[in-house]
Amino acid sequence: MAVTSAAVLAAGPAPRELRPAFPPPPVTARPIDRDAWIAAFRHVRAETERRAAPLSPEDQQVQSMADASPTKWHRAHTTWFFEQFLLRDHRPGYRIFDERLHYLFNSYYVAAGPRQPRISRGLITRPTAAETAAYRAYVDEAVESLLAEAPPEGLEAVLPILEIGLYHEQQHQELILTDILHAFAQNPLAPAYDAAWRFPAPQPAEGGVVLPGGIDRIGHAGEGFSFDNESPRHDVLILPCRVERALVTNAEWLSFMADGGYARPELWLSDGWIAAQTEGWEAPGYWRREGAAWLTMTLAGLKPVDPDLPVTHISYYEADAYARWAGRDLPTEAEWEVAAREGGLADAFGLVWQWTRSAYSAYPGYRPLPGALGEYNGKFMSNQFVLRGSSVATPAGHARLPYRNFFYPQQRWQFTGLRLAQAGA
């Protein structure tokens, strides 16, 4: 795991463990294993608290920019999600913990009602961190009771909502780490989230995966969980190319910097050049120079840049400029998925999200989920780029081959890196 080797905190003993706590069994499994679903729910909820545990109430309150949210807000929002979409409609006699919290902790679900402006989430000093813990405990008890007591026909409606809620919470678990890293990077003391945290060593890799070209298929294959933006599975044209097995390293990025990469407008998209100049970029996010050395802010505090590790905290604009400097391309998301499916990509998962040159848009025939949950992915299909894989901050069990992450091209507070591709190889 990304933060510590300590065991996951328990939210209470599961009735029995017939399989790993996460991922849960398929929604369509028969008979429905209530105990396994309760164990999965407890596992995910406990992981959120484990990630928040090293943080003081003051740490949990801070919001360092509009794109980030306070840890306390993440803890409360994921709780609101289960109360709003699961308990309100499916737990007979359920009493809302506090209706006022639904304004504070809704994120972007317009159909679910008004919400606190995103940029002002750090102003929510009440409820306190302790009161947020009480909110989580109240909802947890109600969800577990629902899973234990609902009739079989009731679980048919409950489990798909529970499942998306679990994966949704895992997304916020990743954000807890990336958001607090950004906050700590603004602190002159450069505090450590976990002094023992270490970035994993990359796998040795050389050469590339050669894709001969032709018609292939990408997207969710219909087995297990997926987000709606991963479907439908569809045909794509793959042109002959080669996708590099290895991620781009800090040493390679330092060569780009030494060759004036951040000062050469011919390498940059116009919007990227404006962003780099406006923001004063001269290195990846969290890098700072001290004398002749480069240091970087990590979850363990300020550390020397390790040349052997993959470069991270770079924007799409930077990744695109680097690829142009190297005489290569970023892979498309289809090229990435086909190459990863063949097992040829080192560190496809678990180190850094990898930028592709594919715009985030709907697959052919895509339809969002009905109701407010239809706002989960579909309404963001504009002006963003797709990243593939997963990162060091991604919770165990969350990464999947067809997973489509997406961010705006100027954003770089996530663990984002790149691998290269070459057309016609």
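About the thresholds
Residues numbered from 1 in each chain as written. Predicted model: local features only at pLDDT ≥ 70, side-chain atom pairs only at ≥ 80, totals over all residues. Heavy atoms only, no water. Helix = DSSP H or I, 4+ residues; strand = E, 2+ residues; numbered from the N terminus. Rg over C-alpha atoms; globule rule 2.2 N^0.38 Å. Buried < 20%, exposed > 50% of the residue type's maximum accessible area, 1.4 Å probe, protein only. Contact = heavy atoms within 4.5 Å. Areas by Shrake-Rupley, 256 points an atom, 1.4 Å probe, with all protein chains shown as cover. Lys, Arg positive; Asp, Glu negative; His and termini not counted. Charge placed at Lys NZ, Arg CZ, Asp CG, Glu CD. Pairing = 2+ DSSP bridges. Axes fitted to C-alpha atoms, helices over the stretch in contact; angles between N-to-C directions. pLDDT = per-residue confidence, 0-100.

Asker: I keep staring at the overall build of the protein chain and nothing clicks. Help me out?
Answerer: Assigned secondary structure in the protein chain consists of ten helices and twelve strands. Its C-alpha atoms give the protein chain a radius of gyration of 22 Å, near enough to 22 Å, the size a compact globule of 425 residues would have. Along the first, second and third principal axes, the C-alpha atoms of the protein chain reach 65 × 55 × 40 Å. Burial status across the protein chain gives 55% buried among its 425 residues. If you take every contact in the protein chain between residues at least 6 apart in sequence, the share linking residues at least 24 apart comes to 78%. Accessible area for the protein chain stands at about 17,900 Å²; split by element, carbon and sulfur atoms hold 55% of it. In the protein chain, 39 side chains carry a positive charge and 49 a negative one; their mean positions are 2 Å apart.

Asker: Mind showing me how you'd approach the sheet that holds strand β4 (residues 241-244) here?
Answerer: Sheets are built from strands that pair by backbone hydrogen bonding, the pairs being arranged parallel or antiparallel. Read across the sheet, three strands follow the order β1-β4-β12 without closing on themselves; strand pairing throughout is antiparallel. Of all the strands in the sheet, the pair left with one neighbour each is β1 (208-211) and β12 (421-423). Direction aside, the axes of adjacent strands within the sheet are offset by 15° on average. Two strands pair when backbone bridges link them, and β1 and β4 are joined in this way by four bridges, in the antiparallel orientation. Directly across from Leu-211, in β4, lies its bridge partner Cys-241.

Asker: Looking at this structure, how should I read the sheet that holds strand β11 (residues 416-417)?
Answerer: Pairing within the open sheet is mixed, and its four strands lie in the order β10-β9-β8-β11. The open sheet has two free edges, formed respectively by β10 (405-407) and β11, since each of these has just one partner strand. Of the pairings in the sheet, the one linking strand β9 (residues 385-389) to β10 comprises three bridges and is antiparallel in character. From the neighbouring strand, Leu-387 faces β10, where its bridge partner is Asn-405. Running over the sheet, helix α10 (residues 333-341) touches β8 (353-359) and β9 and is turned about 10° from β9.

Asker: Any chance you could explain the confidence of the model for the protein chain here in plain terms?
Answerer: Of the residues in the protein chain, 95% reach a pLDDT of 70 or more, and the chain-wide mean stands at 93. Here residues 1-19 is a poorly scored stretch, pLDDT under 50, and it has 40 contacts once near neighbours within four places are set aside; other chains count.

Asker: I would appreciate a short explanation of the pairing of strand β3 (residues 234-238) in the present structure.
Answerer: Regular strands place their side chains on alternate faces of the sheet. Burial along β3 is one-sided: His-234, Val-236 and Ile-238 are buried, and none of Asp-235 and Leu-237, which face the opposite way, are. As defined by bridge partners, strand β2 (residues 214-218) adjoins β3 across five bridges and the pair is classed as antiparallel. If you follow Ile-218 over to β3, its bridge partner there is His-234.

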